[in-house]
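# Survey of secondary and tertiary structure
One-letter residues, chain by chain:
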Amino acid sequence: MSHDLDPAALAATAAAAIAELTGVERHDIALTLGSGWGRAADVIGETVAVIQADQVPGFHASGVPGHSGTLRSILLPNGAHALVIGARTHFYEGRGVRSVVHGVRTAAAAGARIMILTNGAGGVDPAFKAGEAVLISDHLNLTAASPIEGANFVDLTDLYASRLRDLAREASPDLQEGVYVQLPGPHYETPAEVRYLRTIGGQIVGMSTALEAIAARQAGMEILGLSLITNPAAGLGEDPLSHDEVIAEGKAAEPRLAELLRSIVARM
Ligand code: 8IG
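Moving on: the overall build of the protein. For the protein, the helix and strand inventory stands at seven helices and nine strands. Relative to the globule expectation of 18 Å for 268 residues, the C-alpha radius of gyration of the protein, 17 Å, shows essentially globular dimensions. If you line up the protein on its principal axes, its C-alpha atoms span 50 × 40 × 35 Å. Counting only residues that meet the buried cut, the protein has 54% of its 268 residues in that class. Across the protein, the fraction of contacts at a sequence separation of at least 24, relative to all contacts at a separation of at least 6, is 81%. Accessible surface computed for the protein: about 11200 Å², of which carbon and sulfur atoms make up 52%. Once the 19 positive and 30 negative side-chain charges of the protein are each reduced to a mean point, those two points are 3 Å apart.

On to the site of the ligand, then. Neighbouring residues of the ligand: Gly120, Ala121, Gly122, Tyr188, Glu189, Val205, Gly206, Met207, Thr230, Asn231, Leu241 and Val246. Taking Glu189, its side chain carries an N or O atom lying 2.5 Å from a nitrogen atom of the ligand. A distance of 2.8 Å separates a nitrogen atom of the ligand from a polar side-chain atom of Asn231. When the ligand is considered free in solution it has 330 Å² of accessible area, and contact with the protein chains removes 95% of it. Mapped onto the shell around the ligand, the elements with two or more residues apiece are β5 (114–123), β8 (204–206) and β9 (222–232). When residues in the shell around the ligand are grouped by element, the largest group, three residues, is from β5. Grouping the constituent residues of the shell around the ligand by class yields six nonpolar, five polar and one charged.

Turning our eyes to something else, we now look at unusual backbone geometry. At the junction of Gly185 and Pro186, the peptide bond is cis and its omega measures out at 0° in the coordinates. Tracing the chain through its elements places Pro186 in the loop between β7 (176–182) and α5 (191–199). Look at Asp158: it is not a glycine, yet its phi comes out positive at around 55°. One can find Asp158 in the loop between β6 (133–141) and α4 (162–171).

Extensive coverage of β5 is indicated by the burial of nine of its ten residues. As paired elements, strand β1 (residues 29–32) and β5 share four bridges and run parallel to each other. Counted as the bridge partner of Ala30 is Met115 from β5.

So, how was this worked out
- Residues numbered from 1 in each chain as written.
- Predicted model: local features only at pLDDT ≥ 70, side-chain atom pairs only at ≥ 80, totals over all residues.
- Heavy atoms only, no water.
- Helix = DSSP H or I, 4+ residues; strand = E, 2+ residues; numbered from the N terminus.
- Rg over C-alpha atoms; globule rule 2.2 N^0.38 Å.
- Buried < 20%, exposed > 50% of the residue type's maximum accessible area, 1.4 Å probe, protein only.
- Contact = heavy atoms within 4.5 Å.
- Areas by Shrake-Rupley, 256 points an atom, 1.4 Å probe, with all protein chains shown as cover.
- Lys, Arg positive; Asp, Glu negative; His and termini not counted.
- Charge placed at Lys NZ, Arg CZ, Asp CG, Glu CD.
- Near = heavy atom within 4 Å.
- Polar contact = N/O pair within 3.5 Å; in protein donor to acceptor, adjacent residues only side chain to side chain.
- Nonpolar A, V, L, I, M, F, W, Y, C, P; charged D, E, K, R; others polar.
- Pairing = 2+ DSSP bridges.

Take a look at the structure:
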C-alpha cells in the first residue's frame, strides 16, 4: 500500500501518477483553492486535464461541501503549467498532519516552485470586511502541530514571500495584508478567543494554510497566501457564524477573486 510509504516517497508516487494521468510531465506552479476561490481554475489558463483526487495516491475525496475533490492541470498563457489542488485535507478531519500537507508535497514533487495557498477566513481585524481578499503577510500557527518530522529546523522568515506579495500588489494595488491565524477547528472561536487572537497580533482566522505553508517552505517553494474574508470573527458581527454564510459569501466573491488570481498568476 502506498500509504505505508514515508511522506516524500508518497508525494513522489502521487506526482508520478499526476504526470501520467494529466500527460503533463512537470508543473511549475501550484494552487490550492479554498472557499470562494474555485472559479480561478476556469480563468487562469486552458484546462488540459481534470482528475479525481482519489485516483492519486494519498489524496481523498473532499469531505467538505464547497471543496471540489479534483486535481486540474492548466496551461497558462506564458506556457507554464499550473496544478490546481481542489482537494484539501483539513487538520480537523483527523487524518493527521501528513495528510494535510500531502497536496503541497506532491506539488513540490511535481516540480512546482511556487505554491499559492488560498482560503476562506474570518476577519479578526475589524478593518477587514466580509467579501474582501487579504494578502497573508505572516501567520500564527496555533494548531500545536508541525508538518516537519525529526530534527529539521526550518527557517520561516519571509515565509509568505515578499517578492510574491509585491507582485500581487502590482496586480491589485489596494490589497491589504494581515497575519493569518490557524486554529484546529472545526468549531469556530468564542468571542473571548477572538479578543485573544487580536491581542497576540492575529488579523485573520481560519482552519488551513499555516501547516501547508510550513511544508511548502520545507520543500523549498515560494509561497503566496490569500484569504477571502467570509465573515467577521465571532463576536465582531451581528449574527452567529454559519458554514452557509461562508459558502454564500464565497459564491458572491468568486468572479472577483478569479480575476484577481488571474492577474497575479499572469505576472509570475
Ligand atoms: I470561512 O471565523 C472561515 N473559516 N477558525 N474562524 C475560523 N475559521 C474560519 C472562520 C472563522 N471563517
